[in-house]
Amino acid sequence: MDRIPILKLGRALLVTIQVDMHDRLALALEEDLSARIVATGARGVLIDISGLEIVDSFMGRMLDSIAAVSRLLDAETVVVGMRPAVAITLVELGLALTGVQTALNVERGMALIGHRLPEASGEFDEPDDE
Amino acid sequence: MDRIPILKLGRALLVTIQVDMHDRLALALEEDLSARIVATGARGVLIDISGLEIVDSFMGRMLDSIAAVSRLLDAETVVVGMRPAVAITLVELGLALTGVQTALNVERGMALIGHRLPEASGEFDEPDDE
Amino acid sequence: MSPTTNDVLAIRTSNDVVRVRQEVRMRAVAAGFGLVDQTKIVTAASELARNTLDYGGGGTCTIEAVQTGKRRGVRLTFEDQGPGIPDLELALKDGYTTGGGLGLGLSGARRLSNEFEIHSVVGQGTRISIARWK
Amino acid sequence: MSPTTNDVLAIRTSNDVVRVRQEVRMRAVAAGFGLVDQTKIVTAASELARNTLDYGGGGTCTIEAVQTGKRRGVRLTFEDQGPGIPDLELALKDGYTTGGGLGLGLSGARRLSNEFEIHSVVGQGTRISIARWK
Ligand SMILES: Nc1ncnc2c1ncn2[C@@H]1O[C@H](COP(=O)(O)OP(=O)(O)O)[C@@H](O)[C@H]1O
Ligand SMILES: Nc1ncnc2c1ncn2[C@@H]1O[C@H](COP(=O)(O)OP(=O)(O)O)[C@@H](O)[C@H]1O
């Protein structure tokens, strides 16, 4: 089974979703991501969906669930790069993804994570990078 | 009946839950904890659940309830050290524990409590440690 | 891709759901749909295809290019021989699910379509037909 | 721990609920479950065992190792001779509780399982069977 790569980006983890996710791939991602959050002490998870042409309720549920799991593990989730047509469609579908933060792009997503931290940036000693 | 020990850690109270909690033990903990919050003037309660292999809805309700009681007594609750598999399972169970703050470990939990206080850290005169 | 072609796609695996999406996208493009309209019908198709698989035990999706007067559109019909839906009104409610989903598939697909028809007989199966116009 | 062993555990005290969790964990490990799958079935077991105790007035949990083709799994059956559940649809709703719980036991256990069956007769008792596959 393929797995979706997870990159470390400063204090955050970055996942880029480009393919149609099957159920098993989605579950594997959730598992990998939570293990990595704990192993790295990451403070945030960025999920880049700029490559996705649609987000249906299955994928929406997956995003919600990743955000909820990450929060329990002390990391916030930001969904970045949603296309305008996808956003319009999601709202009409009835899925406002209220449990998930969003940002226009990775840079703004990173800023969002940085600013929500109690520690002032720079003064915090970085968890070990691997 | 056994009781779960409560440690004082600076301005916070630390409870480490390692065993399967029975109903009576859970109720006793809530009682002991609220008495200690009032007696010590603690500003926060850290509940370390890194030893727990599962959290079911009974335990989840207990965590929620401790958080609610502590809040009324002017202390915030942070649940620390939840295992990744537990977080994934809790979310699928339907329990996102939205009323509870979480932190990766005790250190980060302490930071969370410290930074939420109106007093800047260091400038505050520590309440008496016993 | 002539506007009168009918495609019948089998839905048996979650890969087939992906194929339905791709095919519907192509047909929507061929019908002259803009990006938002494409996205809406593809998303509706994705919801219904997944239901056909998960609840209907598999089935088919028929894709038709349709035309009334000058308006062009796409019609999709999902059919399965699964257990059927005992209470349609309930199933169409936002948030209702028997499978741990979000319960937005049917209601959402209806909102994303200009036409929505559902026919279901318990013990025999379910047929859902939607259309979206340019 | 042979895959055909059946264990029947009594559920009469809250200590027994702990024992059910431990036994289910061992069986899930024996069936080759990964950590997340173990955690899911043990959590579902915990919810149902507690209901058997609290609402059913005590009962039993039967643990079976199951296999279809190459897939291995664990099946758990909880039985009691308690008051039964008058409205199953209601009891399965997230948040519904008659006992001051969170109302997530039944619905959550269903989400955490691959198979879920419930049979309940008012005045006679309740039998709930779940299975999870590797
Ligand atoms: N093709 C089908 N066959 C049988 N039941 C179906 C079918 N499609 C939908 N249902 C029923 O309708 C319910 C609601 O469907 P839907 O709104 O798509 O939500 P979800 O897919 O999240 O469960 C499903 O949970 C299922 O019980
Ligand atoms: N074994 C049982 N016997 C009788 N009633 C039950 C049983 N299990 C569950 N119930 C009923 O179903 C309701 C919902 O159960 P559940 O979803 O587990 O929530 P909770 O345990 O928080 O009440 C219970 O409040 C109870 O009324």
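Summarised in this report is the structure supplied together with it. This one's a predicted model, so the numbers in the text were calculated from it and none came from an experiment.

As for the sheet that holds strand S4 (residues 76–80) of chain B
Residue and element names in this part refer to chain B. The five strands lie next to each other as S1-S2-S3-S4-S5, forming an open sheet whose pairing is mixed. Of all the strands in the sheet, the pair left with one neighbour each is strand S1 (6–9) and strand S5 (101–103). Across this sheet, the average inter-strand angle for adjacent strands is 30°, counted without regard to direction.

Topic: the site of ligand 2
Residue and element names in this part refer to chain D. Taken together, 18 residues lie around ligand 2, and Asn51, Tyr55, Thr97, Thr98 and Gly103 are the ones closest in. Tyr55 places a side-chain nitrogen or oxygen 2.5 Å from an oxygen atom of ligand 2. Contact with the protein chains covers 93% of the free accessible surface of ligand 2, which is 530 Å². Its residues assigned to classes, the shell around ligand 2 shows seven nonpolar, ten polar and one charged.

Looking at the packing of helix H1 (residues 23–40) of chain B against helix H2 (residues 57–72) of chain B
Residue and element names in this part refer to chain B. At a minimum axis distance of 10 Å, the contact between H1 and H2 shows a crossing angle of 15°. On the basis of the axis angle, H1 is roughly parallel to H2. The chirality of how H1 crosses H2 is right-handed. Here H1 contributes Asp23, Ala26, Leu29, Glu30, Leu33, Ser34 and Ile37 to the contact with H2, which in turn contributes Phe58, Met62, Ser65, Ile66, Val69 and Ser70. Its residues assigned to classes, the contact of H1 with H2 comprises eight nonpolar, three polar and two charged.

Some details on H1(B)
All names here are of chain B. The end-to-end C-alpha separation of H1 is 26 Å, in line with the 26 Å expected for 18 residues at 1.5 Å each. Those residues of H1 hidden inside the fold are in contact with S1, strand S2 (12–16), strand S3 (44–48) and H2. Positioned one or two residues after H1, Gly41 has a phi angle of 65°, which is positive.

What about the packing of helix H3 (residues 84–93) of chain A against helix H2 (residues 35–54) of chain C?
It is the contact of H3(A) with H2(C), at a shortest axis distance of 9 Å, that shows an interaxial angle of 50°. Classified by the angle their axes make, H3(A) and H2(C) are oblique. Relative to H2(C), H3(A) is oriented so that their crossing is right-handed. Contacts between H3(A) and H2(C) involve A:Ala85, A:Val86, A:Ile88, A:Thr89, A:Glu92 and A:Leu93 from the former and C:Leu35, C:Val36, C:Thr39, C:Lys40, C:Thr43 and C:Glu47 from the latter. For the contact of H3(A) with H2(C), the class distribution of residues is six nonpolar, three polar and three charged.

Topic: the packing of aromatic side chains
Applying the stated criterion to the full structure yields zero aromatic pairs over all chains. Above the face of the A:Phe58 ring, C:Arg50 is positioned so that its terminal group lies 3.9 Å from the ring centre.

Some words on the site of ligand 1
Residues and elements named next belong to chain C. Among the 18 residues in the neighbourhood of ligand 1, the closest are listed as Asn51, Tyr55, Thr97, Thr98 and Gly103. One nitrogen or oxygen atom from the side chain of Thr98 is found 2.6 Å from an oxygen atom belonging to ligand 1. Against a free-state accessible area of 530 Å², the protein chains account for coverage of 93% of ligand 1. Tallied by class, residues from the shell around ligand 1 come to seven nonpolar, ten polar and one charged.

Criteria and cut-off values
- Residues numbered from 1 in each chain as written.
- Chains lettered and ligands numbered in written order.
- Predicted model: local features only at pLDDT ≥ 70, side-chain atom pairs only at ≥ 80, totals over all residues.
- Heavy atoms only, no water.
- Pairing = 2+ DSSP bridges.
- Helix = DSSP H or I, 4+ residues; strand = E, 2+ residues; numbered from the N terminus.
- Axes fitted to C-alpha atoms, helices over the stretch in contact; angles between N-to-C directions.
- Near = heavy atom within 4 Å.
- Polar contact = N/O pair within 3.5 Å; in protein donor to acceptor, adjacent residues only side chain to side chain.
- Areas by Shrake-Rupley, 256 points an atom, 1.4 Å probe, with all protein chains shown as cover.
- Nonpolar A, V, L, I, M, F, W, Y, C, P; charged D, E, K, R; others polar.
- Parallel < 35°, antiparallel > 145°, perpendicular 65-115°, else oblique.
- Left-handed = near helix turned anticlockwise from the far one by under 90°.
- Contact = heavy atoms within 4.5 Å.
- Expected span 1.5 Å × (residues − 1).
- Phe/Tyr/Trp six-rings, centres within 6.5 Å; stacked < 30°, edge-to-face > 60°.
- Lys NZ or Arg CZ within 6 Å of the ring centre and 35° of its normal.

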